[in-house]
Amino acid sequence: MDAGCPRLPDTVLFEIFLYLDHVDVLSVGLVCQQWHAVARDEFLWKELFYRYYRVSRDVPRHPGAVSWYDEFQRLYDTIPCVEVQALKEHNDQVLHLSFSHSGCLFASCSKDCTVKIWSNELDISLQHSSNMRPYNWSYTQFSQFNSDDSLLLVSGVFVGPHNSSSGEIAVISMENFTLLSRVRNKPYDVFGCWLNETNLISGNLHRIGRITSCSVLWLNNAFQGIESENVNVVKRLFKIQNLNASTIRTVMVADCSRYDSPDLLLDYEEQLAASSTCPVFDLGSDSEEEEAKPKPPLEPAVQELPDAGGVPAEHGLQQLFDDIMEGRVRPAMSDTELETKVAELFVHSRTKPPEPNLLPTDSNSKTKYLIFTTGCLTYSPHQIGIKRILPHQMTTAGPVLGEERRSDEFFDSLDHVIDIHGHIIGMGLSPDHRYLYVNSRAWPRDCVISDPMQPPPIAEEIDLHVFDLKTMKEVKRALRAHRAYTPNEECFFIFLDVSRDFVASGAEDRHGYIWDRHYNICLAKLQHDNVVNSVAFSPVEQELLLTASDDTTIKVWRSPRAVRIRQARRPRPRKLLFSWLMNQKS
């Protein structure tokens, strides 16, 4: 760059960037002949990028970016942070949002016990509203479109006899908004999900003891009311024992066949392997030496039960009873400890082994993962369980209770367990199903849980973890910016969503948040008047985001670029830019 043209201050560079696409570069060049060179100088934009966004200089440029200028423009101009519409048709807290796969529709669930379906045209408008109170629902809490957008799964809280509450799933046709079927779902925060176009997964809970239970996951046909009586409409998928008051909750399905064509690789070494144009920096490692070490083959992290000294589990159970009766157990066990010990020994001898080779090796594999929250120490969900669903399990055909089992395979084991060491309050999959994002509130370091009914206190800060489902390992550092304040017993789910480049989440601090997935930086805070429960990106336009809040509103956010395009008018030049240019001319 010519030394006769002074270097631009950072504030002016920023202003230049904002309006670079709307200013006639040639006319500005009459004032400063070096304008175009300055505006497109890669060194300047790289410096401004790292300084303005406070990104570590070791982090490489986004693999899809062609220049630092374009990358700066992407992060400023394509973030959906401009409020363009507020939808106020709900009259109580709005709990969840979900888009159809085409992006033409979205659904909202609320404490007002309705599920509303909206048309996403130029201006969003209400298309249909279904009131679930006639079916004894207390409120709607979750919805999901099936893969061809012909059906909508709606999950809610059902009020049963003597005011007992459980869950129920309803299936609504998108053709005429009729209710096709209803399925019981217990506990209600299993939510439910689609496995394929016509089959959905629900849960049931059977109490075995005071703090021991069994969760059964069922596969249900969406057309239960109209299928032939000779065709099964339900089949048991898995039966899993729960210890220490834990239960299975928040089920979702990941499609393994999409792992080898991810939208964005979060591991920088994989980026380098895919394209050698950027340096390597692995946010998930502690040191360069650690990265240099050969990594051992991954083994399924299955919960291991206490060793009985080589004695078979059924003999260990009998030995425990004998020791109790003869007073050889010291110190004396509490009722809770005794129940847990007996349950552990029982499940150890009555559980089907985990599936071998959990990680898919065939890129065309039709295998899917069932992902859910669970636990082993206390009732608050603190682990993520993963169970492979094989192709022959993806239909309701066959015996209602599934494949015939031996007596020592009464329960199904988990294929993999991820321990979060905190209360899980949200989960979401990336669009390519390669990465799992998890909202959690951490427990104190080195805490000890002696009573499963008294979980540790949880942090106000929400950590957003990222796990690679192809390797079953955590990648990146946990994202942090959002907060929550409710204690363990009142803690509720905060839904997050992931697009190709961004991840967004609600929070209890009256804001929604947006981060960049590649740089791990918070880009925007989206204000509401109360808790933000749910966020949703349009699957076909990540510059459109919805947020739902306890303030009863749904807010629509678009990027500055999308707003300009919609307004179809040129913005006025900023005084700062022109005052600087006139000073240089004089």
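Numbering of residues starts from 1 in each chain and follows the order in which that chain's sequence is written. The predicted origin of the model limits local features to residues at a pLDDT of at least 70 and limits the giving and counting of side-chain atom pairs to 80 or more, whereas totals for whole chains, interfaces and linings rest on all residues. With hydrogens and water excluded, all non-hydrogen atoms of the structure serve as input to the side-chain values.

1. Things to note about the overall build of the protein
Next up, step 1: Scanning the protein from terminus to terminus reveals 11 helices and 31 strands.
Next up, step 2: For the protein, the residues scored as buried account for 55% of the 586 residues in total.
Next up, step 3: The contact criterion used throughout is that any non-hydrogen atoms of two residues lie within 4.5 Å. For the protein, restricting intrachain contacts to residue pairs at least 6 apart in sequence, the fraction spanning at least 24 positions comes to 61%. In DSSP terms, a helix is any run of H or I states spanning at least four residues, a strand is any run of E spanning at least two, and both are numbered starting from the N terminus. Buried, partly exposed and exposed residues are distinguished by accessible area as a fraction of the type maximum, computed with a 1.4 Å probe on protein chains only: under 20%, between the cut-offs, and over 50%, respectively.

2. Remarks on unusual backbone geometry
Next up, step 1: Looking along the chain, the bond that leaves Lys186 and enters Pro187 is cis, with omega of -5°.
Next up, step 2: Mapped onto the fold, Pro187 is located in the loop between β9 (179-185) and β10 (193-194).
Next up, step 3: The backbone phi angle of Phe191 is positive, close to 70°, even though this residue is not glycine.
Next up, step 4: Considering the arrangement of structural elements, one finds Phe191 in the loop between β9 and β10.
Next up, step 5: Note on Phe191: relative accessible area 5%, which makes it buried.

3. A word on the packing of aromatic side chains
Next up, step 1: Whether two aromatic rings pair depends on their centres lying within 6.5 Å, for rings of Phe, Tyr and Trp, where Trp uses its six-membered ring; planes under 30 degrees apart make the pair stacked, over 60 edge-to-face, and the rest tilted. Taken as a whole, this structure holds 20 aromatic pairs when the rule is applied.
Next up, step 2: When the centroid spacing of 5.1 Å and the interplanar angle of 55° are considered together, the rings of Phe49 and Trp68 count as tilted. Residue Phe49 is located in helix α4 (residues 42-53), and its partner Trp68 is located in helix α5 (residues 68-77); the two are separated by 19 residues in the primary sequence.
Next up, step 3: One aromatic cluster in this structure is built from Trp45, Phe49, Tyr50, Tyr52, Tyr53, Trp68, Tyr69, Phe72 and Tyr519.
Next up, step 4: As a reminder, the over-ring test applies to NZ of lysine and CZ of arginine, requiring each to be within 6 Å of the ring centre and within 35 degrees of the ring normal. In this structure, Arg61 is placed above the aromatic ring of Trp68, and the distance from its NZ or CZ to the ring centre is 5.8 Å.
Next up, step 5: The lysine or arginine in question, Lys111, covers the ring of Tyr139, its NZ or CZ lying 5.0 Å from the ring centre.

4. Quick notes on the sheet that holds strand β19 (residues 416-419)
Next up, step 1: Being paired, for any two strands, means DSSP has found at least two bridges between them. If you trace the four strands from one edge of the open sheet to the other, you get β14-β16-β17-β19, paired in antiparallel fashion. Unpaired on one side and paired on the other, β14 (249-255) and β19 mark the two borders of the sheet. When strand polarity is set aside, the average angle formed by the axes of neighbouring strands in this sheet is 20°.
Next up, step 2: The pairing of strand β17 (residues 383-389) with β19 spans four bridges and is antiparallel. A fitted line through C-alpha atoms represents every axis, and for helices the fit uses only the stretch in contact; the resulting angles, taken between N-to-C directions, go from 0 to 180 degrees.

5. Brief notes about the pattern of salt bridges
Any two side chains of opposite charge can pair, on the condition that their charged atoms come close.
Next up, step 1: We define a salt bridge as a contact between a side-chain nitrogen of Lys or Arg and a carboxyl oxygen of Asp or Glu at a distance within 4 Å. Evaluation of the coordinates by the stated rule reveals 20 salt bridges.
Next up, step 2: Measuring nitrogen to oxygen at the nearest pair gives 2.9 Å for the salt bridge that ties Arg500 to Asp501.
Next up, step 3: Put simply, Arg558 and Glu541 hold a salt bridge, and the shortest N to O gap is 3.4 Å. Here the residue Arg558 occupies a position in strand β31 (residues 554-558), and Glu541 occupies one in strand β30 (residues 541-549), the gap between them amounting to 17 residues.

6. Some points on the pairing of β31
Regular strands have side chains that alternate between both faces of the sheet.
Next up, step 1: Summarising burial for β31: five of the five residues are buried, a large majority.
Next up, step 2: Here β31 shows two buried faces, one formed by Ile554, Val556 and Arg558 and the other by Lys555 and Trp557.
Next up, step 3: Across five bridges, the pairing between strand β1 (residues 82-87) and β31 is antiparallel. If you follow Ala86 over to β31, its bridge partner there is Lys555.
Next up, step 4: Strand direction decides the pairing type here: β30 and β31, joined by five bridges, are antiparallel. Within β31, the position partnered with Leu544 by the bridge is Arg558.

7. Comments concerning the sheet that holds strand β5 (residues 125-131)
Next up, step 1: The sheet built from four strands is open, its strands ordered β2-β3-β4-β5 with antiparallel pairing. Only two strands of the sheet have a single partner each, and these edge strands are β2 (94-99) and β5. When strand polarity is set aside, the average angle formed by the axes of neighbouring strands in this sheet is 20°.
Next up, step 2: As paired elements, strand β4 (residues 114-119) and β5 share six bridges and run antiparallel to each other. When the bridges of β5 are listed, Ile117 appears paired with His128.

8. Some details on the UniProt feature "repeat: WD" (unreviewed entry) in the protein
Next up, step 1: UniProt positions are given in the numbering used here, feature names are shortened, and annotations may be inferred rather than shown by experiment. As annotated by UniProt and renumbered to match this structure, "repeat: WD" (unreviewed entry) occupies residues 87-119 and 525-557.
Next up, step 2: End-to-end, the C-alpha atoms of residues 87-119 are 12 Å apart, and along that stretch the chain is 0% helix and 58% strand.
Next up, step 3: End C-alpha to end C-alpha, residues 525-557 measures 11 Å, and it is 0% helix and 70% strand.

9. Observations concerning the layout of surface pockets
Next up, step 1: By volume, the largest pocket is sized at about 1300 Å³.
Next up, step 2: Cavities and pockets were defined on a 1 Å grid built over protein atoms only: a cavity is a set of grid points that admits a 1.4 Å probe from which the probe cannot escape, a pocket is an open set flanked by protein on both sides within 12 Å along at least five of seven lines, and lining residues are those with an atom within 4 Å of any such point. Around the largest pocket sit 49 residues that line it, and His101, Gln144, Leu429, His433 and Asp497 are the ones nearest its centre.
Next up, step 3: Elements represented by at least two residues in the lining of the largest pocket include exactly β2, β6 (137-145), β10, β14, β20 (422-429), β25 (496-498), β29 (532-538) and β30.
Next up, step 4: A per-element tally of the lining of the largest pocket places β14 first, with six residues.
Next up, step 5: Of the residues belonging to the lining of the largest pocket, the class tally is 24 nonpolar, 17 polar and eight charged.
Next up, step 6: Grid points are joined across faces, edges and corners, and a volume is the space filled by probe spheres set on the points. One number sums up the size of the second largest pocket: a volume of about 610 Å³.
Next up, step 7: Taken together, 24 residues make up the lining of the second largest pocket; nearest its centre are Tyr188, Asp189, Cys491, Phe492 and Phe493.
Next up, step 8: Counting only elements with at least two residues in the lining of the second largest pocket, the list comes to β6, β14 and β20.
Next up, step 9: A total of three residues in the lining of the second largest pocket trace back to one element, the largest contributor, which is β20. Just so you know the grouping, Ala, Val, Leu, Ile, Met, Phe, Trp, Tyr, Cys and Pro go in nonpolar, Asp, Glu, Lys and Arg go in charged, and all remaining residues, Gly too, go in polar.

10. Description of the packing of α4 against α5
Next up, step 1: Relative orientation of the contacting elements α4 and α5 amounts to 35°, with a least axis distance of 8 Å. Considering the relative orientation of α4 and α5, their crossing is left-handed. Packed against α4, whose contacting residues are Glu42, Trp45, Lys46, Leu48, Phe49, Tyr50, Tyr52 and Tyr53, the element α5 presents Trp68, Tyr69, Glu71, Phe72, Leu75 and Tyr76 at the interface.
Next up, step 2: Grouping the constituent residues of the contact of α4 with α5 by class yields 11 nonpolar, no polar and three charged. Working rule for handedness: look at the near helix, and if it is turned counterclockwise from the far one by less than a right angle, call the crossing left-handed; if clockwise, right-handed.

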